[in-house]
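# Structural description and commentary
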Amino acid sequence: MEESLERMREHGAQPESFDGEEILTVMTLGKQALLTDPSGVWIGLWEPITFPGIGIMMVPGAPFWFEHMSPDPGAAAQFYADCFRLDVVNHGDEYWTIQVPGSGQDAYGFSFPRDRGDARATWFVLLLTSDLDTSAALVGENGGTVVGDFIEMDDMGRFTYAATPAGVAYGLWEADFSETEE
């Protein structure tokens, strides 16, 4: 935690303070730090003690993809790559990802906000669903909003933007794993 916090500070992040401390021990669960990255986005660091953090991925309802939406996605991608010793990949059209060196698999994405007007930079999470149509209907039935049409991503599946009744933005992603199944 201390090393990561220092690297982030060296690259322009600003740590937040918890009663004068930058690292907060959360009971016996772990340590956390909150920072603001150079584009103004909050990010949390977690060092597990007894609670590992996100333990489920790639199942419906779990986080599937994290996107840093920023007016300068290349700079944001480079910041996180430098802080966590990752590789930056430019996919063109103002879209970057970061990868664990040698993995060849994207870890997080960096792009412009959909509305470039006065949109602030933010982290955006997409949740995995096995049925986008049903999930989108459930969003509406439970007071949320589906924003816009479904977006087809060729062999990667499709997704849509949504918001909770309180206005918190997120996405729903119906991934196509047919080529990865054996």
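Sequence order as written defines the numbering, with residues in each chain counted from 1. Note on the predicted model: pLDDT of at least 70 is required for a residue's local features to be given, and 80 or more for side-chain atom pairs to be given and counted; whole-chain, interface and lining totals, by contrast, use all residues. The side-chain quantities take in all heavy atoms of the structure and omit both hydrogens and water.

## So, the sheet that holds strand S5 (residues 63-69)
For sheets, the rule is that strands pair by backbone hydrogen bonds, running either parallel or antiparallel. Definition in use: Here a strand pair is declared whenever DSSP counts at least two bridges between the two strands. Helix and strand definitions follow DSSP, with helices as H or I runs of at least four residues and strands as E runs of at least two, each counted in order from the N terminus. Throughout, an axis means a line fitted to C-alpha atoms (over the contacting stretch in the case of helices), and angles, computed between N-to-C directions, take values from 0 to 180 degrees. Throughout, a residue-residue contact means that at least one pair of heavy atoms, one from each residue, lies within 4.5 Å.
With respect to topology, 8 strands assemble into an open sheet ordered S6-S7-S8-S5-S9-S12-S11-S10, the strand pairing being mixed. Of all strands in the sheet, those with a lone pairing partner are strand S6 (87-90) and strand S10 (145-152), marking the two edges. With direction set aside, neighbouring strand axes in the sheet form an average angle of 25 degrees. Bridge count for S5 against strand S9 (residues 122-128) is 6 bridges, and the pairing is antiparallel. Across the sheet, residue Glu-67 finds its bridge partner in S9, namely Phe-124. Contacts between helix H2 (residues 73-84) and the sheet are confined to S5, S6, strand S7 (95-99), strand S8 (106-111) and S9, with S7 contributing the most and set at about 5 degrees to the helix.

## Looking at the packing of helix H1 (residues 2-10) against H2
Where we set the bar: Helix crossings are classified by the rotation of the near helix relative to the far one: an anticlockwise turn of less than a right angle makes the crossing left-handed, while a clockwise turn makes it right-handed. Gly is placed with the polar residues, together with every amino acid not listed as nonpolar (Ala, Val, Leu, Ile, Met, Phe, Trp, Tyr, Cys and Pro) or charged (Asp, Glu, Lys and Arg).
Put simply, H1 and H2 touch, their axes get as near as 9 Å, and they point 140 degrees apart. Along this stretch, H1 crosses H2, giving a crossing that reads as right-handed. Only Phe-79, Tyr-80, Asp-82, Cys-83 and Phe-84 of H2 make contact with H1, whose side of the interface consists of Ser-4, Arg-7 and Met-8. For the contact of H1 with H2, the residue count by class is 5 nonpolar, 1 polar and 2 charged.

## A word on the pattern of salt bridges
Filter applied, for reference: Within this document, salt bridges are pairs made up of a side-chain nitrogen of Lys or Arg and a carboxyl oxygen of Asp or Glu, the two lying within 4 Å of each other. Each residue is placed in one exposure class: buried if its accessible area under a 1.4 Å probe, protein chains only, is under 20% of its type's maximum, exposed if it is over 50%, and partly exposed if it falls in between.
Enumeration according to the criterion identifies 5 salt bridges in this entry. A salt bridge links Glu-6 to Arg-9; its shortest N-O distance comes to 2.7 Å. With a gap of 3 residues between them, Glu-6 and Arg-9 both fall in helix H1, about one helical turn apart. Since its relative accessible area comes to 35%, Glu-6 is described here as partly exposed. Exposure remark for Arg-9: the relative accessible area of 31% places this residue in the partly exposed category. Across the pair Asp-133 and Arg-158 runs a salt bridge whose closest N-O atoms are separated by 2.6 Å.

## Overview of the pairing of strand S4 (residues 42-48)
Sheet topology places strand S3 (residues 30-36) next to S4; 7 bridges connect them, and they run antiparallel. By the bridge assignment for S4, Leu-35 is matched with Ile-43. Between S3 and S4, which pair antiparallel in sequence order, lie 5 residues; one of them, Gly-40, sits at a positive phi of approximately 90 degrees.

## Describing the packing of aromatic side chains
Heads up, the rule is: Aromatic rings from Phe, Tyr and Trp, with only the six-membered ring used for Trp, were paired whenever their centres fell within 6.5 Å, and each pair was classed as stacked if the ring planes differed by under 30 degrees, edge-to-face if by over 60, and tilted otherwise.
Evaluated as defined, the whole model comprises 11 aromatic pairs. Seen from their ring centres, Phe-64 and Trp-173 are 5.6 Å apart, and the 35 degrees between their planes marks the pair as tilted. You can see Phe-64 sitting in strand S5 and its partner Trp-173 sitting in strand S12 (residues 169-175), a full 109 residues away along the chain. Accessibility expressed as a relative area gives 18% for Phe-64, which makes it buried.

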